[in-house]
Amino acid sequence: MGKLPGVAHLHAVRALERAGFQVVRQGKHIVMSNGQRILTIPRHNPVNAYTMAGIVRDAGLSIDQFRDLL
């Protein structure tokens, strides 16, 4: 499993949309869901690498799968 750098929140949202997630609501955070899992993405640029790795893990993806979606 490779390392994940900080990612801009809009790039992360687009990548997760490609993985089947949809934006449920937006505010200070972006909430996304695929019907089974709910993800919360902060509106930071860039999203911290540790935070992004946790979001990717919660999405059920590996770091390499997420990188391919970027």
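The structure under discussion appears in the preceding block.
As a starting point, this report considers the structure included with it.

What counts and how
- Residues numbered from 1 in each chain as written.
- Predicted model: local features only at pLDDT ≥ 70, side-chain atom pairs only at ≥ 80, totals over all residues.
- Heavy atoms only, no water.
- Buried < 20%, exposed > 50% of the residue type's maximum accessible area, 1.4 Å probe, protein only.
- Helix = DSSP H or I, 4+ residues; strand = E, 2+ residues; numbered from the N terminus.
- Arc of directions from axis to C-beta.
- Contact = heavy atoms within 4.5 Å.
- Pairing = 2+ DSSP bridges.
- Core = buried A, V, L, I, M, F, W, Y, C linked by side-chain atoms within 4.5 Å.
- Axes fitted to C-alpha atoms, helices over the stretch in contact; angles between N-to-C directions.

**Details of helix α1 (residues 9–18)**
Right, on to step 1. Residues H9, A12, V13, A15 and L16 constitute the buried set of α1. In an axial view of α1, the angular spread of the buried residues amounts to 165°, which keeps them on one side of the axis.
Right, on to step 2. In the core, the buried residues of α1 are packed alongside β1 (22–26), β2 (29–33), β3 (38–42), α2 (49–58) and α3 (63–69).
Right, on to step 3. In the stretch just after α1, G20 is the one whose phi turns positive, near 105°.

**Some thoughts on the pairing of β3**
Right, on to step 1. Pairing of β2 with β3, which is carried by five bridges, proceeds in the antiparallel orientation. In the sheet register, H29 faces β3, and the bridge partner there is P42.
Right, on to step 2. Counted between consecutive antiparallel strands, the loop separating β2 from β3 contains four residues, among which G35 sits at a positive phi close to 100°.

**Quick look at the nonpolar core**
Right, on to step 1. In terms of nonpolar packing, the biggest core is built from 19 residues, with L4, L16, M32, I41, M52 and F66 touching the most fellow members.
Right, on to step 2. The element that contributes the greatest number of residues to this core is α1, accounting for four residues.
Right, on to step 3. Setting aside residues no more than four positions away along its own chain, L4 makes contact with A49, M52, A53, V56, I63, F66 and R67.

**A look at the sheet that holds β1**
Right, on to step 1. In spatial order, the strands read β1-β2-β3; together these three strands make up an open sheet with antiparallel pairing. Strand pairing shows two members of the sheet lacking a second neighbour, β1 and β3, which therefore form its edges. With direction set aside, neighbouring strand axes in the sheet form an average angle of 30°.

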